[in-house]
Amino acid sequence: APLFCVLCAIPFPDRGLCCWLACVLCGAVQAEFRTIIFALCYFHAALLERKKFGVGNLPGATSGIGWNMNYPFNTGDLLCCGQCAIKYLENNVKVPWDDLRYIFGEIMYGGHIVEDWDRRLAGAYLFKYFNEGLIEGLEMFPGFMTPGNSLSHKQVLEYVDDTMPPETPLAFGLHPNAEIGFKLREAETFCNSLVQLQPRESGGEGGMSQEEKAKMVLDDLADRLPELYDMEDIRSRVDEVTPYVMVAIQVGAVSLRGVLCTTCCVHVSAMCHVF
């Protein structure tokens, strides 16, 4: 399912750092420095999952604890950073930590960030995750150490599932009270969704029920959805992944999400009038 639809669904406990890590590690490159690639995946997951604590410039936002502004971090950023990291590691005897932090924080992910305090936050994450201690083993957050370089791809996924403790705001460097607002918003959204799903009386004899109207709207939405692009197939046909090609692939994915978002918004508005 498109990520937009998944994130807009009723939230359940299968979301979080562990879920994001499992997603991004499925595409991780099997390189000599697996720990560095793992830290990059963790950094990507932390940036995305931090949004749940609040984004300051979203409509109706009551908290900006997560980010002051909303940024479109995506898998393309992770792939570009991974490719740059591997090339730098292949061409240098010592790990160029300063270069990697600058490329990740000021160019790749930093290209999205326009607010000064958000940029400082991303830099603090990079300084914490990418340093000499990473090779020997680094505590990403209390109770969770990085896996060793000798572990295979499958073993790393198993290590994440078995070793990662329950997620808390400490995983993001936040105070434990930071999740109070997040939990309250989740509970409110869940209760509102339950209320809206309750059956209601029909407007008159012979009229359609609310369930029938909802099904009609959903069927129409399904007919309007375009066919999904196989981005992995498109990417595999490219002989050389240049910056221009990567941007074209990202624009294609964003355009598809834009169509989905626009269609969903139109029908959500229609549903509001129905209810």
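This write-up is about the structure you can find in this document.

Conventions adopted
Residues numbered from 1 in each chain as written. Predicted model: local features only at pLDDT ≥ 70, side-chain atom pairs only at ≥ 80, totals over all residues. Heavy atoms only, no water. Helix = DSSP H or I, 4+ residues; strand = E, 2+ residues; numbered from the N terminus. Expected span 1.5 Å × (residues − 1). Buried < 20%, exposed > 50% of the residue type's maximum accessible area, 1.4 Å probe, protein only. Arc of directions from axis to C-beta. Contact = heavy atoms within 4.5 Å. Phe/Tyr/Trp six-rings, centres within 6.5 Å; stacked < 30°, edge-to-face > 60°. Axes fitted to C-alpha atoms, helices over the stretch in contact; angles between N-to-C directions. Parallel < 35°, antiparallel > 145°, perpendicular 65-115°, else oblique. Left-handed = near helix turned anticlockwise from the far one by under 90°. Polar contact = N/O pair within 3.5 Å; in protein donor to acceptor, adjacent residues only side chain to side chain. Core = buried A, V, L, I, M, F, W, Y, C linked by side-chain atoms within 4.5 Å.

## Here we look at helix 6 (residues 116-129)
Between the first and last C-alpha of helix 6 there are 20 Å, a value that for 14 residues agrees with the 20 Å anticipated at 1.5 Å per step. Taken together, the buried positions of helix 6 are occupied by Asp118, Leu121, Ala122, Tyr125, Leu126 and Tyr129. Seen from one end, helix 6 has its buried residues packed into an arc of 135°, which puts them on one side. In helix 6, the exposed positions angled more than 90 degrees off the buried face are occupied by Asp116, Trp117, Arg120 and Phe127. Buried residues belonging to helix 6 abut helix 3 (34-49), helix 5 (97-108), helix 7 (133-136) and strand 1 (139-141).

## Describing the side chain of arginine 101
Tracing the backbone through its elements, the reader meets arginine 101 in helix 5. Here arginine 101 falls in the buried class, since its relative accessible area comes to 18%. Ignoring any residue separated from it by four or fewer positions in sequence, one finds arginine 101 in contact with Glu106, Leu126, Phe127, Phe130 and Asn131.

## A few points about the packing of aromatic side chains
Under the criterion given, the structure shown has 13 aromatic pairs. Taking 5.3 Å as the distance between ring centres and 70° as the angle between the ring planes, the aromatic pair formed by phenylalanine 53 and phenylalanine 172 counts as edge-to-face. Here phenylalanine 53, found in the loop between helix 3 and helix 4 (75-90), pairs with phenylalanine 172, found in the loop between helix 8 (153-163) and helix 9 (179-197); they are 119 residues apart in sequence, far enough to count as distant. Residue class for phenylalanine 172 comes out buried when judged on its relative accessible area of 2%.

## Looking at the packing of helix 5 against helix 6
Packing of helix 5 against helix 6 brings their axes to within 10 Å, and their N-to-C directions diverge by 155°. The angle between helix 5 and helix 6 places the two elements in the roughly antiparallel class. Judged by the sense of rotation from one axis to the other, the crossing of helix 5 with helix 6 is right-handed. Within the contact between the two elements, helix 5 uses Arg101, Phe104, Gly105 and Glu106 and helix 6 uses Arg119, Leu126 and Phe127.

## A closer look at the side chain of threonine 35
Within the fold, threonine 35 resides in helix 3. Overall, threonine 35 belongs to the buried group, its relative accessible area being 2%. Polar contacts involving the side chain of threonine 35 include one to the main-chain carbonyl oxygen of proline 147, which spans 3.4 Å. The contacts of threonine 35, once residues within four sequence positions are left out, are Leu134, Thr146, Pro147, Gly148 and Asn149.

## Some details on the nonpolar core
In this structure, Tyr42, Phe43, Phe73, Phe104, Tyr129, Phe130 and Phe144 are the most contacted members of the largest nonpolar core, which totals 47 residues. Listing elements by their share of this core, those giving two or more residues are helix 3, helix 4, helix 5, helix 6, strand 1 and helix 8. For this core, the element with the highest residue contribution is helix 3, accounting for 11 residues. Contact partners of phenylalanine 73, with chain neighbours within four places excluded, come to Leu47, Leu48, Lys51, Trp67, Tyr109, His112 and Ile113.

## With respect to helix 10 (residues 210-224)
An ideal rise of 1.5 Å per residue puts 21 Å on 15 residues; helix 10 measures up with 21 Å between its terminal C-alpha atoms. Within the span of helix 10, buried status applies to Gln210, Ala214, Val217 and Leu221. Viewed end-on, helix 10 has its buried residues packed into an arc of 65°, placing them on one side of the element. Among the exposed residues of helix 10, those pointing more than 90 degrees away from its buried face are Lys215 and Asp223.

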